[in-house]
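# Breakdown of the fold
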Amino acid sequence: MFGFLVAMLLGVLIWQLQGSSVSNPVVINGTSVAPLSTLDPPLLSQGATLYQQYCATCHGANLEGAPDWKKPLADGSLPPPPHDDSGHTWHHPDFLLLQIMAQGGKPFTMA
């Protein structure tokens, strides 16, 4: 689990550094999100490798997420959502995504 969180933090850091040169905000369905960065092929390849290693088992090899991902499981945890535009991962701040992952998808309240 620790290795997974380290990889996610590394990915977020790389993503933020790549996006720091873009200044225009992006609004998707009325929600302001971080601007898209210029795609760097080596970093894109590294991200794909990290995704396959740490994320694809739960979120799917093709970013499709778990079946019925919007329906809570019996223990109250949420199935992994897709990481494409049909999911909603893109509109959560990084700290919230890391907290969700650290708690295995279990619901929590923000202080």
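Cut-offs used in this document
- Residues numbered from 1 in each chain as written.
- Predicted model: local features only at pLDDT ≥ 70, side-chain atom pairs only at ≥ 80, totals over all residues.
- Heavy atoms only, no water.
- Helix = DSSP H or I, 4+ residues; strand = E, 2+ residues; numbered from the N terminus.
- Buried < 20%, exposed > 50% of the residue type's maximum accessible area, 1.4 Å probe, protein only.
- Areas by Shrake-Rupley, 256 points an atom, 1.4 Å probe, with all protein chains shown as cover.
- pLDDT = per-residue confidence, 0-100.
- Disulfide = S-S within 2.5 Å.
- Polar contact = N/O pair within 3.5 Å; in protein donor to acceptor, adjacent residues only side chain to side chain.
- Contact = heavy atoms within 4.5 Å.

### Things to note about the overall build of the chain
Scanning the chain from terminus to terminus reveals four helices and two strands. Moving toward the C terminus, one meets the helices and strands of the chain in the order α-β-β-α-α-α. Here the chain holds 111 residues, and 23% of them are scored as buried. Surface accessibility of the chain: about 7700 Å² in total, with carbon and sulfur atoms responsible for 65%.

### Here we look at the confidence of the model for the chain
With 69% of its residues at a pLDDT of 70 or more, the chain shows a mean pLDDT of 75. Within the chain, helix α3 (residues 56-59) carries the highest mean pLDDT (90), whereas helix α1 (residues 2-19) carries the lowest (54).

### Details of the state of the cysteines
Scanning the entire structure with this criterion turns up zero disulfides. Its sulfur unpaired, cysteine 55 is 8.6 Å from the next cysteine sulfur, which belongs to cysteine 58.

### A few points about the side chain of histidine 59
Mapped onto the elements, histidine 59 comes out in helix α3. A distance of 3.1 Å separates polar atoms of two side chains, one belonging to histidine 59 and the other to histidine 83. Residue contacts for histidine 59: discarding those within four places in its chain leaves Tyr51, Glu64, Gly65, Pro80, Pro81 and His83.

### As for unusual backbone geometry
In this structure, leucine 63 is a non-glycine residue whose phi angle is positive, near 70°. By secondary structure assignment, the location of leucine 63 is in the loop between α3 and α4 (94-102).

### Quick word on the environment of alanine 61
Structurally, alanine 61 can be placed in the loop between α3 and α4. In this view, alanine 61 contacts Tyr51, Gln52 and Ala56; residues no more than four positions away in its chain are not counted.

### So, α4
Of the residues making up α4, those classed as buried are Leu96, Leu98 and Met101. Downstream of α4 by one or two residues, glycine 104 has phi in the positive range, about 65°.

### Let's talk about the side chain of serine 77
Considering the arrangement of structural elements, one finds serine 77 in the loop between α3 and α4. Polar contacts involving the side chain of serine 77 include one to the side chain of aspartate 75, which spans 2.6 Å.

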